[in-house]
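Spelled out, the chains give:
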Amino acid sequence: KVQDGCDYTCTYCTIPLARGISRSDTVENVLHNAAEISQKGIREIVLTGVNIGDYGKGEFGNKKHEHTFLQLVQGLDAVPGIERLRISSIEPNLLQNEIIDFVAGSRCFVPHFHIPLQSGSNTILRRMRRRYMRELYAERVERIRSVMPDACIGVDVIVGFPGETEAHFLETYEFLLSLEISYLHVFTYSERPDTLAADMDGVVSQQERKRRSKMLRSLSAKKRRAFYESQLGTDHTVLFEGENKKGYIHGFTENYVKVKAPWNPELVNTLHRIRLEAIDSDGLVRFQALEPISLP
């Protein structure tokens with residue numbers, strides 16, 4: 001965790017009330033912690049926070065940005081011993097092209113981005129008080145695809161926000177359909193006390209919220225399937241996890257394709273070079289092992 005709190009005022013969100021203002025750990029401390037983590041044999045580090053793209057604000061107890069998120073990413077990429085770094089959710093207006101381009105040529109940052117959209121309708125984005133329009137979001141996705149064609153791109157979206165008509169929802173659906181994204185996290189809007197949205201007009205019925213959520217979850221399954229299919233026949237590195245799930249061990253490639261293999265405890269926390277071969281009935285990918293990566 002490199003950052004906490006948020007200075008944004010999205011009308012549906014209670015995080016600023018619960019977590020306070022945006023503030024950051026120091027670069028020195030983050031780099032030190034990352035080095036310690038990697039020395040313990042942990043092979044992948046995920047950078048988290050409430051609004052990590054705002055990193056640097058409050059680093060030394062003031063509102064000034066002493067460092068930027070790009071500078072943090074650059075510093076982490078140079079830490080010896082780290083094998084994989086993954087960026088968690090980052091706001092589209094804070095995901096600068098310079099960050100995308102750096103990740104594309106990075107030593108250890110993986111090609112995986114999770115970028116909240118929340119709505120594909122500019123009208124609803126304004127009601128939410130988001131800090132971007134859909135056009136900027138499309139530009140970010142296009143930029144990622146141009147420099148990392150195999151990148152995985154995840155999206156957060158909220159359905160049933162007050163004032164979201166059927167036309168607004170279909171704007172979102174068609175927008176998501178048009179984007180080269182890999183999966184969706186779909187959230188059904190729910191009222192939160194002490195938020196502006198809770199008192200807005202245009203309340204969407206619970207039944208309608210559920211219907212729209214179901215439509216987007218179905219779209220997410222299709223997007224993930226299409227992304228997995230696009231990766232068949234390509235070579236990747238998989239990091240195996242530690243749980244025996246019904247006789248299988250699971251792992252993720254650097255671009256977040258989930259694969260499975262018969263359970264073997266010797267595979268836990270190891271990296272292997274593989275070729276993705278086929279998608280099974282459970283939606284996971286089978287593979288051909290090419291070579292294990294030599295362990296330190």
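On a predicted model such as this, the values are computed, not experimentally measured, just so you know.

**Some remarks on the overall build of the protein**
Move 1: Looking only at helices and strands, the protein has 8 helices and 12 strands in total.
Move 2: What you see for the protein is a C-alpha radius of gyration of 20 Å, in line with the 19 Å of a compact globule of 296 residues.
Move 3: Projected onto its principal axes, the C-alpha positions of the protein cover 60 × 50 × 35 Å.
Move 4: Counting only contacts in the protein whose residues sit at least 6 apart along the sequence, the fraction spanning at least 24 positions is 68%.
Move 5: Within the structure as shown, the protein displays about 14100 Å² of accessible surface, and the carbon and sulfur contribution to it stands at 51%.
Move 6: Charge centroids of the protein, computed over 38 positive and 39 negative side chains, lie 4 Å from each other.

**Comments concerning the packing of aromatic side chains**
Move 1: Applying the stated criterion across every chain yields a total of 8 aromatic pairs.
Move 2: Considering the side-chain rings of F252 and Y256, the 4.5 Å spacing of their centres and the 15° angle between planes classify their relative orientation as stacked.
Move 3: Note on F252: relative accessible area 16%, which makes it buried.
Move 4: One aromatic cluster is present, formed by Y12, F161 and Y189 through successive ring pairs.
Move 5: Just above the ring of Y248 sits the side chain of K260; from NZ or CZ to the centre is 4.6 Å.

**Considering the layout of surface pockets**
Move 1: Taken as a whole, the largest pocket spans an internal volume of roughly 650 Å³.
Move 2: Taken together, 26 residues line the largest pocket, and the ones lying closest to its centre are Y12, C13, I15, Q118 and I158.
Move 3: Within the residue set of the lining of the largest pocket, elements represented by two or more residues are helix 1 (15–19), strand 5 (112–118), strand 6 (152–159) and strand 7 (183–188).
Move 4: Counted by class, the lining of the largest pocket contains 14 nonpolar, 8 polar and 4 charged residues.
Move 5: Counted as a void, the second largest pocket has a volume near 170 Å³.
Move 6: Among the elements of the structure, strand 4 (84–87) and strand 8 (235–240) are those that each provide at least two residues to the lining of the second largest pocket.

**Examining the sheet that holds strand 5**
Move 1: An order of 5-6-7 is seen for the 3 strands of this open sheet, with the pairing classed as parallel. The sheet terminates laterally at strand 5 and strand 7, the two strands that pair on one side only. Across the sheet, the mean angle from the axis of one strand to that of its neighbour is 20°, orientation sign disregarded.
Move 2: As judged from the 6 bridges shared by strand 6 and strand 7, these two strands associate in the parallel manner. Paired with I158 across the two strands is F187, which belongs to strand 7.

**Digging into the environment of E59**
Move 1: Its place among the elements puts E59 in the loop between strand 3 (44–47) and helix 3 (69–77).
Move 2: With residues up to four places along the chain from it excluded, the contact list for E59 reads S24, D25, T26, V27, E66 and H67.
Move 3: A polar contact of 3.0 Å, which involves the side chain of E59, links it to the backbone nitrogen of V27.

**Some details on the environment of V203**
Move 1: For V203, the location among the structural elements is in the loop between strand 7 and helix 8 (206–231).
Move 2: We classify V203 as exposed; its relative accessible area is 57%.
Move 3: Counting along the chain gives 122 residues from V203 to G81, while the straight-line C-alpha distance between them is 52 Å.
Move 4: In this view, V203 contacts E191 and R209; residues no more than four positions away in its chain are not counted.

**Points about helix 6 (residues 134–147)**
Move 1: Along its 14 residues, helix 6 runs 21 Å from first to last C-alpha, staying within 8% of the 20 Å computed at 1.5 Å per residue.
Move 2: The set of residues buried in helix 6 consists of Y137, R140, V141, I144 and R145. Take helix 6 and look down its axis: the buried residues cluster within an arc of 130°, on one side only. In helix 6, the exposed positions angled more than 90 degrees off the buried face are occupied by E142 and S146.
Move 3: Those residues of helix 6 that are buried lie in contact with helix 4 (97–104), strand 5, strand 6 and helix 7 (166–178).

**What about the packing of helix 3 against helix 4?**
Move 1: Between helix 3 and helix 4, whose axes approach to 10 Å, the crossing angle comes to 10°. Compared by their axis directions, helix 3 and helix 4 come out roughly parallel. For the pair formed by helix 3 and helix 4, the contact residues are F69, L70, V73, Q74 and D77 on the first element and E98, I99 and F102 on the second.
Move 2: Here the contact of helix 3 with helix 4 is built from residues that sort into 5 nonpolar, 1 polar and 2 charged.

**Topic: the nonpolar core**
Move 1: Counting 49 residues, the largest nonpolar core has F69, I144, L176 and L216 as the members making the most contacts within it.
Move 2: Ranked by residues supplied to this core, first place goes to helix 3 with 5 residues.
Move 3: Once residues within four sequence positions are removed from consideration, F69 is found in contact with L47, I52, G53, Y55, I87, I90 and I99.
Move 4: Core analysis: the second largest hydrophobic core is formed by 16 residues, C152, F240, I274 and V285 among them.

The rules behind the values
By convention here, each chain's residues receive numbers from 1 onward along its written sequence. Since the coordinates come from a predicted model, pLDDT governs what is reported: local features require at least 70, and pairs of side-chain atoms require 80 or more to be given and counted, while whole-chain, interface and lining totals use all residues. Excluded from the side-chain calculation are hydrogens and water; included are all heavy atoms of the structure. For helices the rule is a DSSP run of H or I covering at least 4 residues; for strands it is a run of E covering at least 2, with both sets numbered from the N terminus onward. We take the radius of gyration over the C-alpha atoms and set the globule estimate at 2.2 Å times the residue count to the 0.38 power. Residue contacts are counted whenever heavy atoms from the two residues lie within 4.5 Å of one another. Here the open area of atoms and residues is found with the Shrake-Rupley method and a 1.4 Å probe, where only the protein chains shown may cover a residue. Neither His nor the chain ends is counted toward charge; the positive residues are Lys and Arg and the negative residues Asp and Glu. A single reference atom marks each charge: NZ on Lys, CZ on Arg, CG on Asp, CD on Glu. Aromatic contacts are taken between Phe, Tyr and Trp rings whose centres are within 6.5 Å, Trp giving its six-membered ring; a plane angle under 30 degrees counts as stacked, one over 60 as edge-to-face, and the others as tilted. Here the term buried applies to any residue with accessible area under 20% of the maximum for its type, exposed to any over 50%, and partly exposed to those in between, with areas from a 1.4 Å probe on protein chains only. Geometrically, a charge over a ring is one whose NZ (Lys) or CZ (Arg) sits within 6 Å of the ring centre while staying within 35 degrees of the ring normal. In this analysis the probe radius is 1.4 Å and the grid spacing 1 Å, with only protein atoms considered; a cavity is a set of points the probe fits into but cannot get out of, a pocket is an open set with protein on both sides within 12 Å along at least five of seven lines, and lining residues have an atom within 4 Å of a point. Grid points are joined across faces, edges and corners, and a volume is the space filled by probe spheres set on the points. Each residue gets one label: Ala, Val, Leu, Ile, Met, Phe, Trp, Tyr, Cys and Pro are nonpolar, Asp, Glu, Lys and Arg are charged, and the others, such as Gly, are polar. Think of it this way: DSSP has to see at least two bridges between two strands before they count as a pair. In this analysis, axes come from line fits to C-alpha atoms, helices being fitted only over the stretch in contact, and the angle between any two N-to-C directions falls in the range 0 to 180 degrees. We call two N or O atoms a polar contact when they sit within 3.5 Å, provided that within protein one can donate a hydrogen and the other can accept it, with sequence-adjacent residues counted only if both atoms are side-chain atoms. By this rule the span expected of a helix is its residue count minus one, scaled by 1.5 Å. It is the directions from the helix axis to the C-beta atoms that the arc portrays. Angles are sorted into four bins: roughly parallel if under 35 degrees, roughly antiparallel if over 145, roughly perpendicular if 65 to 115, and oblique for all others. Among the buried residues, those of types Ala, Val, Leu, Ile, Met, Phe, Trp, Tyr and Cys that are joined through side-chain atoms within 4.5 Å form a nonpolar core.

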